[in-house]
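# Descriptive structure summary
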Amino acid sequence: MNLPNSLTLTRICLAPLLVVVLLTNFEGRNIFGVPHEIVGAFIFGVASVTDWLDGYLARRRKQITAFGQVIDPSADKLLTCAALISLVRMEYASALLVTLIIGREFAVTALRQFAYARGVAMPASRLGKIKMVAQVVAILALILAHGKDGPRRPLYLIGQGGLWVVVLTALVSAADYFRRFNYILAPRVASFTTGRDQQSDRKAG
């Protein structure tokens, strides 16, 4: 198990811990004297850093593995879903917006895995990277906005604005992924189908 993959597995372990911290009704809303929203933001921040760090180390150390390429997107989606669903439960995020974001994540992940299985890499687009940054900012802001006496309005507004940015960039980037998918794989699928039909014709002849 190399270091990049270990960081990815760490991110997977942090996702359920984040849910526990955000949704458990701790006495006095503190964990060892620290407000639970600060602890939650710290956990999510550390997990988000590992998302960047594992990819950086894998490229720098030339430790890119098939396991890492499969598990890394899954770890990202698990962390994102854990944070967003917790925020819906806390009534700090719209269920509709979160459904759109999560639905897009699973659709694009399935598309990229399908392409990868056929030997085609579909790297993240620029819009996808903007979406990721906006997502981290929005989630951190909404977690920190959860104050003892109600939402901290400036952070709450930043988080809500960030969620809308995430939704818009998510939908546009998803359309771009599907466009690239059709452009790259359609000729291969057509060629494969034609070749199979020609073999069938030869056998029939």
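The structure under discussion appears in the preceding block.
Scope of this entry: the structure provided in the associated data block. (Residues numbered from 1 in each chain as written. Predicted model: local features only at pLDDT ≥ 70, side-chain atom pairs only at ≥ 80, totals over all residues. Heavy atoms only, no water.)

### A look at the packing of aromatic side chains
Note the cut-off: Centre distance within 6.5 Å is the pairing criterion for rings of Phe, Tyr and Trp, where only the six-membered ring of Trp is used; planes under 30 degrees apart are then read as stacked, over 60 as edge-to-face, and the remainder as tilted. The helix count covers DSSP runs of H or I at least four residues long, the strand count covers runs of E at least two residues long, and both are numbered beginning at the N terminus. Note on classification: 1.4 Å probe, protein chains only; a residue is buried when its accessible area is under 20% of the maximum for its type, exposed when over 50%, partly exposed between these limits.
By the definition in use, this model includes two aromatic pairs. Both rings, one in Trp52 and one in Tyr56, keep their centres 5.2 Å apart while their planes meet at 15 degrees; by these two values the pair is stacked. Of this pair, Trp52 and Tyr56 both sit in helix H2 (residues 36-60), separated by four residues, roughly a single helical turn. Since its relative accessible area comes to 32%, Tyr56 is described here as partly exposed. Ring geometry for Tyr92 against Tyr156: centres 5.8 Å apart, planes inclined by 85 degrees, an arrangement best described as edge-to-face.

### Details of the environment of Lys131
You can see Lys131 is positioned in helix H5 (residues 126-144). Note: C-alpha distance between Lys131 and Gly162 (31 residues apart in sequence) is 9.3 Å.

### A closer look at the environment of Ser94
The following threshold applies: Counted as a polar contact is a pair of N or O atoms within 3.5 Å, where, for protein atoms, one must be capable of donating a hydrogen and the other of accepting one, and residues adjacent in sequence contribute only when both atoms are in side chains.
Relative to the assigned elements, Ser94 resides in the loop between helix H3 (66-89) and helix H4 (95-117). Ser94 sits in the partly exposed class, given a relative accessible area of 29%. For the pair formed by Ser94 and Leu163, sequence separation is 69 residues and the distance between their alpha carbons is 9.0 Å. A polar contact of 3.3 Å, which involves the side chain of Ser94, links it to the backbone nitrogen of Leu96.

### Focus: the pattern of salt bridges
As a reminder, the rule being used: Put simply, a salt bridge is a Lys or Arg side-chain nitrogen that is within 4 Å of an Asp or Glu carboxyl oxygen.
Evaluated as defined, the whole model comprises nine salt bridges. Among the ionic pairs, Arg11 bridges to Asp54, the shortest N-O distance being 3.0 Å. With Arg11 in helix H1 (residues 3-23) and Asp54 in helix H2, this pair connects stretches of sequence that are 43 residues apart. Using a relative accessible area of 0% as the deciding quantity, one classes Arg11 as buried. Residues Arg179 and Asp176 are paired through a salt bridge, measuring 2.7 Å at the closest nitrogen-oxygen approach. Taken together, the residues span about one helical turn, with Arg179 and Asp176 both in helix H6 (residues 153-204) at a distance of three residues. Shared partners join several salt bridges into a network, and the residues in it are Arg11, Asp51, Asp54, Asp72 and Asp76.

### Regarding the packing of H1 against H2
Rules: Only C-alpha atoms enter the line fits that serve as axes; for helices the fit covers just the stretch in contact. Angles between N-to-C directions range over 0 to 180 degrees. An angle below 35 degrees is read as roughly parallel, one above 145 as roughly antiparallel, one from 65 to 115 as roughly perpendicular, and any other as oblique. The crossing is said to be left-handed when, going from far helix to near helix, the turn is anticlockwise and less than a right angle, and right-handed when the turn is clockwise. Following the grouping adopted for this structure description, the nonpolar residues are Ala, Val, Leu, Ile, Met, Phe, Trp, Tyr, Cys and Pro, the charged ones are Asp, Glu, Lys and Arg, and the polar ones are all others, Gly among them.
Taken N-terminus to C-terminus, the directions of H1 and H2 make an angle of 165 degrees; their axes are 9 Å apart at the nearest point. As judged from the angle between their axes, H1 and H2 are roughly antiparallel. Considering only the axes of H1 and H2, their crossing is left-handed. Looking at the contact of H1 with H2 residue by residue, the classes come out as 16 nonpolar, four polar and three charged.

### Details of the nonpolar core
What counts is decided by this rule: Residues belong to a common nonpolar core when they are buried Ala, Val, Leu, Ile, Met, Phe, Trp, Tyr or Cys residues joined through side-chain atoms within 4.5 Å. Should any heavy atoms of two residues lie within 4.5 Å, those residues are considered in contact.
Counting 33 residues, the largest nonpolar core has Leu18, Phe44, Leu84, Leu87, Ile139, Ile143 and Leu163 as the members making the most contacts within it. Mapped by element, the contributors of at least two residues to this core are H1, H2, H3, H4, H5 and H6. No other element matches the six residues that H3 contributes to this core. The contact partners of Phe44, leaving out residues within four places of it in the chain, are Leu18, Leu79, Ala83, Val136, Ile139, Leu140 and Ile143. Counting eight residues, the second-largest nonpolar core is a separate cluster that includes Leu111, Val120, Met122 and Phe181.

### So, the packing of H2 against H3
H3 packs onto H2 with a crossing angle of 160 degrees between their chain directions and a minimal axis gap of 11 Å. For the element pair H2 / H3, the angle class is roughly antiparallel. Crossing handedness for the pair H2 and H3: left-handed. Contact residues: Phe44, Ala47, Ser48, Asp51 and Asp54 in H2; Asp72, Asp76, Leu79 and Ala83 in H3. Of the residues assigned to the contact of H2 with H3, the class counts are four nonpolar, one polar and four charged.

Geometry only, nothing functional implied.
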